[in-house]
Amino acid sequence: MKLVICEKNISAKRIAYILSDGKSKSTRIGKTPVYEFSKDNELWKIIGLRGHIINLDFPSGFNRWNKIPPADLIDIEPVKKVSEKSIAASLKTLVDKNPYLIVATDYDREGELIGVEIVNLIKEYNKDINNIKRAKFSAITGYEIKNAFDKLSEVDYNLSSAGETRQVIDLIWGAVLTRFISLTSNRLGRDFLSIGRVQSPTLALLVEREKNIKNFVPKPFWKIIATLKKDESFTATHVDGQIWEKEKAEKIFNKVESTKKANVESVDKKVMQELPPSPFSTTTFLEACSYLGISASRAMSIAEELYMNGLISYPRTDNTVYPKSLNIKGILNKLAESKFSNEAKEVINNGRKVPTRGKKFTTDHPPIHPVGVPTSRKLTSEQEKVYDLICRRFLSTLAKDAVSESVSAIFDINSEKFKSEGYRLIEPNWRNIYTYYREKRKPLPEIIKGEEINIQNIKLKEDETKPPARYTQGSLIAKMEQLSLGTKSTRHEIINKLYSRSYITLSPLAPTPTAFAVVEAMAECDVVKPKMTAKLEKDMDQISEGKKTLDDAVTESREMLKTVMLELEKNKDTIKESIRKAEKKENTVGKCPKCGKPMMIRKSRKGKRFVGCTGYPDCKNTYSLPQNGGIFSNDKACSECGAPVVRVKAKGKRAWELCLNSECSAKKPSRKKN
Ligand SMILES: [Zn+2]
Ligand SMILES: [Zn+2]
């Protein structure tokens, strides 16, 4: 018998369908679906996992946060615990017959680790199993799967060891520091504060950006803008651009203000070739989704669904170069029979000779690309949006350069120089396929050197410099990749974790006062710096190449953590105080309309939260609060009744604004898009 282990049930189902040419039967062992078929007189059984079915944790005696000083955890050996008991039980019955085992989990570090976890578990159930092979594929399509099962390879224990190293180090650092900060700040139970190797440096990035925004001092400047007209109106700006002295700007303005004609001094035309974008890696894919308003974690789970259904290639990849083996023609022929027929035919008949390529070239998986066309099964509108994006991106990387013309014209207005810039698309090519870029530049009317153009008006405009923008999910993920924080598979989960621990509020991503306090408390400690992650990445690469062992890397990491803990213990009181202050600030939701004192979120004896006046017992004003979701202060008062207005964000729902006064005439919460 051949037993195939897949990462998820849905991939098991599809792989069984492909290998059996559609003849597989679905059965169950206990609660677990198993797909069966016979081929060349051999029985095949295919089972899907739920990702990791084994969890790494401290032995049960060490789970009581109050009893064990955090630093004592550093040298404790974590243990493996089966987290999906019913799947494990099904595997136990399946290995009785001593099958030929094929690991067909996702082909990357995490997938290899999942596979090895199962191999080790199965060997506990049946010592005699020694036929173990690995099937490696990048897309769940007939061609890829059959090819992978024809050319089985060996399980890569070095690769899984690298994955396990990360797991062990993240567990130890995360548990020790999370317990330290939660105990120090007395935040236990549901509201604990977490610290992690990837989440804390990510949070530090957000805190730093927020500080830059808060400390930003806008600087005023002036611009002189002329509106000219030839056929249509267009604008020209004084060549000094931002003028920092008001007097200087006024002087120029007075000089040109009543001039009626602009003389064209020069016209510079440039024809440009615009290269299409490079193939999608996970990061650039998530950035594009974020631009379309799909959050990173949502985009990742949709991509996963499309992959499992054989529509796109494996969505976790750093690669931005199509491998030579990729059958681009075959994919184009498929797309020519889809709704992208016109675009595909355009590329087939008139495409570029060599596809575009990005900077990163890896060999594990190709860049994200379509592998199939949806048939009978309809896609949800979100799935369709993401699938279309991937198809259009793929097609555009094979399309010809766009050709455009940029024009730069200089005008003389009473001896002052003004400049106007125009842009015109001559041959759209890929821009007709990848339609997501919005071009802000406009064409200029046809103008000739020496010509006189009518001036409609000239204005002196005051403006000021703007603070840097907050991160979006997309730009944060790109920054994380640049700093090697997290992996293509975990970055979006890290952002989710920061939300769920209330370190950040809503979008755009803004850190809470507690986030500031925690990041500051950890400032001197390597855990908020990307340096530690860089070392771990290097260690993992060496482990997967067989040049270092898990034990060496973990021992070194433990020593680092011990130094960190000595430092933190010394500063315990300061940390405690600064988190307490931050909490106070965070829990203040506005001013009491009855007495003017600040109002704060408090907990009743039964653990229910409410808002009470700090003027208590003189003022007994209170408001009830929704018990679920995050409550964020707005510094806003209700325009109807003067009570504080807060923003409420429940999981999976849009944030909305709520006047705390339940008797307020504006009682219906005004739902506001975040
Ligand atoms: Zn009051
Ligand atoms: Zn109100």
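Residues numbered from 1 in each chain as written. Chains lettered and ligands numbered in written order. Predicted model: local features only at pLDDT ≥ 70, side-chain atom pairs only at ≥ 80, totals over all residues. Heavy atoms only, no water.

1. A few points about the nonpolar core
Inside soluble globular proteins, nonpolar side chains tend to come together where they are buried.
Piece 1. By size, the foremost hydrophobic cluster in this structure holds 121 residues, and its most contacted members are Ile46, Phe149, Phe285 and Met522.
Piece 2. Ranked by residues supplied to this core, first place goes to helix α5 (residues 157–184) with 11 residues.
Piece 3. With sequence-adjacent residues up to four places away left out, Phe149 is seen in contact with Val4, Ile15, Leu19, Trp44, Ile102, Ala104 and Ala135. (Core = buried A, V, L, I, M, F, W, Y, C linked by side-chain atoms within 4.5 Å. Buried < 20%, exposed > 50% of the residue type's maximum accessible area, 1.4 Å probe, protein only. Helix = DSSP H or I, 4+ residues; strand = E, 2+ residues; numbered from the N terminus. Contact = heavy atoms within 4.5 Å.)

2. Things to note about the sheet that holds strand β8 (residues 132–134)
Piece 1. Strand order across the open sheet formed by six strands is β2-β3-β4-β1-β7-β8, with mixed pairing between neighbours. On the outer flanks of this sheet lie β2 (25–29) and β8, each paired with one strand and no other. Ignoring which end each strand starts from, the neighbouring axes of this sheet average 25° apart.
Piece 2. Two strands pair when backbone bridges link them, and strand β1 (residues 2–6) and strand β7 (residues 100–104) are joined in this way by five bridges, in the parallel orientation. Within β7, the position partnered with Leu3 by the bridge is Leu101. (Pairing = 2+ DSSP bridges. Axes fitted to C-alpha atoms, helices over the stretch in contact; angles between N-to-C directions.)

3. Quick look at the coordination of the zinc ion (ligand 2)
Piece 1. Donor atoms from the polypeptide that coordinate the zinc ion (ligand 2) comprise Cys638 (SG), Cys641 (SG), Cys659 (SG) and Cys664 (SG), at 2.2 to 2.5 Å from the metal.
Piece 2. Given four donor atoms and angles of 97 to 118° at the metal, the environment of the zinc ion (ligand 2) is assigned as tetrahedral.
Piece 3. When the donors of the zinc ion (ligand 2) are listed by position in the chain, the intervening gaps give C-x2-C-x17-C-x4-C. On the criterion of sequence distance, the pair formed by Cys641 in the loop between β21 (630–637) and β22 (644–649) and Cys664 in the segment after β23 (656–659) is long-range, its members being 23 residues apart. (Donors = N, O, S within 2.8 Å, 3.2 Å for Na, K, Ca; no water. Tetrahedral: all angles 85-135°; square planar, octahedral: opposite > 155°, others 65-115°.)

4. Concerning the sheet that holds β23
Piece 1. The antiparallel open sheet is built from three strands, whose spatial order is β21-β22-β23. The outermost strands of the open sheet, each flanked by one partner alone, are β21 and β23. Taken over all neighbouring pairs, the strand axes of this sheet differ in orientation by 30° on average, direction set aside.
Piece 2. Relative to β22, β21 runs antiparallel, the two sharing six bridges. Residue Ile631 lies in a different strand from β22, and its bridge partner there is Val648.

5. Examining the coordination of the zinc ion (ligand 1)
Piece 1. Only Cys592 (SG), Cys595 (SG), Cys613 (SG) and Cys619 (SG) from the protein reach the zinc ion (ligand 1) as donors, at distances of 2.2 to 2.4 Å.
Piece 2. Around the zinc ion (ligand 1) sit four donor atoms, and with donor-metal-donor angles ranging over 94 to 116° the site reads as tetrahedral.
Piece 3. Each donor residue of the zinc ion (ligand 1) lies on one chain, and together they are spaced C-x2-C-x17-C-x5-C. With a gap of 18 residues between them, Cys595 in the loop between β17 (588–591) and β18 (598–603) and Cys613 in strand β19 (residues 609–613) connect regions that are remote in the sequence.

6. A word on the pattern of salt bridges
Piece 1. One pass over the full model with this rule turns up 48 salt bridges.
Piece 2. The partner of Lys248 in a salt bridge is Asp240, with the nearest N and O atoms 3.3 Å apart.
Piece 3. Residue Arg431 is joined to Glu439 by a salt bridge in which the shortest nitrogen-to-oxygen separation is 3.7 Å.
Piece 4. Given a relative accessible area of 32%, Glu439 falls into the partly exposed group. (Salt bridge = Lys/Arg side-chain N within 4 Å of Asp/Glu carboxyl O.)

7. Overview of the packing of aromatic side chains
Piece 1. Taken as a whole, this structure holds 11 aromatic pairs when the rule is applied.
Piece 2. Centroid distance Trp430 to Tyr437: 6.0 Å. Interplanar angle 85°. Geometry classified as edge-to-face.
Piece 3. Relative accessible area serves as the criterion here: at 3%, Trp430 is assigned to the buried category.
Piece 4. Among the aromatic residues, ring-to-ring pairing joins Trp430, Tyr434, Tyr436 and Tyr437 into one connected group.
Piece 5. For Arg357, the ring lying beneath its charged end belongs to Phe361, and the centroid distance is 6.0 Å.
Piece 6. The ring of Tyr423 has Arg441 sitting right over it, with the charged end atom 4.0 Å from the ring centre. (Phe/Tyr/Trp six-rings, centres within 6.5 Å; stacked < 30°, edge-to-face > 60°. Lys NZ or Arg CZ within 6 Å of the ring centre and 35° of its normal.)

8. Quick look at empty space enclosed by the protein
Piece 1. Here the structure, examined in full by the defined rule, presents three cavities of 30 Å³ or more.
Piece 2. Quantified by volume, the largest cavity comes out at close to 60 Å³.
Piece 3. Forming the walls of the largest cavity are Ile169, Met532, Lys535, Leu536, Asp539, Ala553, Ser557 and Met560.
Piece 4. Residue assignment for the lining of the largest cavity shows that the elements contributing at least two residues are α17 (530–544) and α18 (550–570).
Piece 5. Taken together, the residues that form the lining of the largest cavity break down as five nonpolar, one polar and two charged. (1 Å grid on protein atoms, 1.4 Å probe; cavity = no way out; pocket = protein on both sides within 12 Å on 5 of 7 lines; lining within 4 Å. Points joined across faces, edges and corners; volume = space filled by probe spheres on them. Nonpolar A, V, L, I, M, F, W, Y, C, P; charged D, E, K, R; others polar.)

9. As for the pairing of strand β10 (residues 232–238)
A regular strand places its side chains on the two faces of the sheet in alternate fashion.
Piece 1. With six bridges joining them, strand β9 (residues 220–230) and β10 adopt antiparallel strand pairing. Bridging across to β10, Lys229 finds its partner in Ser233.
Piece 2. As consecutive antiparallel partners, β9 and β10 are separated by one residue, and within that stretch Asp231 has a phi angle of approximately 60°, a positive value.
Piece 3. Summarising the sheet, β10 and strand β13 (residues 416–427) pair through two bridges and their orientation is antiparallel. When the sheet's bridge partners are listed, His238 is paired in β13 with Phe418.

10. Concerning the confidence of the model for the protein
Piece 1. Taken residue by residue, the protein gives an average pLDDT of 90. The fraction at 70 or more is 98%.
Piece 2. Within the model, the stretch residues 669–674 combines pLDDT values under 50 with 16 contacts to residues more than four positions away or in other chains. (pLDDT = per-residue confidence, 0-100.)

11. What about helix α1 (residues 9–19)?
Piece 1. Every buried residue belonging to α1 is among Ser11, Ala12, Ile15, Ala16, Ile18 and Leu19, and all of these are buried. Buried residues of α1 fall within an arc of 160° about the axis and therefore sit on the same side.
Piece 2. Close packing links the buried residues of α1 with β1, β3 (32–39), β4 (42–48), α4 (142–150) and α9 (296–308).
Piece 3. Within two residues after α1, Asp21 carries a phi angle of roughly 55°, on the positive side. (Arc of directions from axis to C-beta.)

12. Here we look at the environment of Thr282
Piece 1. Checked against the element boundaries, Thr282 lands in helix α8 (residues 282–291).
Piece 2. Apart from residues lying up to four places away in sequence, Thr282 is in contact with Met300, Pro315, Arg316, Thr317, Ile368 and Lys488.

13. Let's talk about unusual backbone geometry
Piece 1. Across the junction of Tyr616 and Pro617, the peptide omega takes the value 5°, indicating a cis bond.
Piece 2. In this structure, Pro617 sits in the loop between β19 and β20 (622–624).

14. Details of α9
Piece 1. In this model α9 runs 18 Å from its N-terminal to its C-terminal C-alpha over 13 residues, within 8% of the 18 Å that 1.5 Å per residue would give.
Piece 2. Buried residues of α9: Ala296, Ser297, Ala299, Met300, Ile302, Ala303, Glu304, Leu306, Tyr307 and Met308, and no others.
Piece 3. Residues of α9 that are buried make contact with α1, α8, α12 (381–396), α14 (473–482) and α15 (491–500).
Piece 4. Immediately downstream of α9, the backbone of Gly310 shows phi near 70°, a positive value. (Expected span 1.5 Å × (residues − 1).)

15. Quick notes on the packing of helix α10 (residues 328–335) against α12
Piece 1. Orientation of α10 relative to α12, taken along the N-to-C sense of each, is 130°, at an axis distance of 12 Å. Put simply, α10 runs oblique to α12. Here the hand of the crossing between α10 and α12 comes out left-handed. Contact with α10, carried on its side by Ile328, Ile331, Leu332 and Leu335, involves Tyr387, Cys391, Phe394 and Leu395 of α12 and no other residues of that element.
Piece 2. Looking at the contact of α10 with α12 residue by residue, the classes come out as eight nonpolar, no polar and no charged. (Parallel < 35°, antiparallel > 145°, perpendicular 65-115°, else oblique. Left-handed = near helix turned anticlockwise from the far one by under 90°.)

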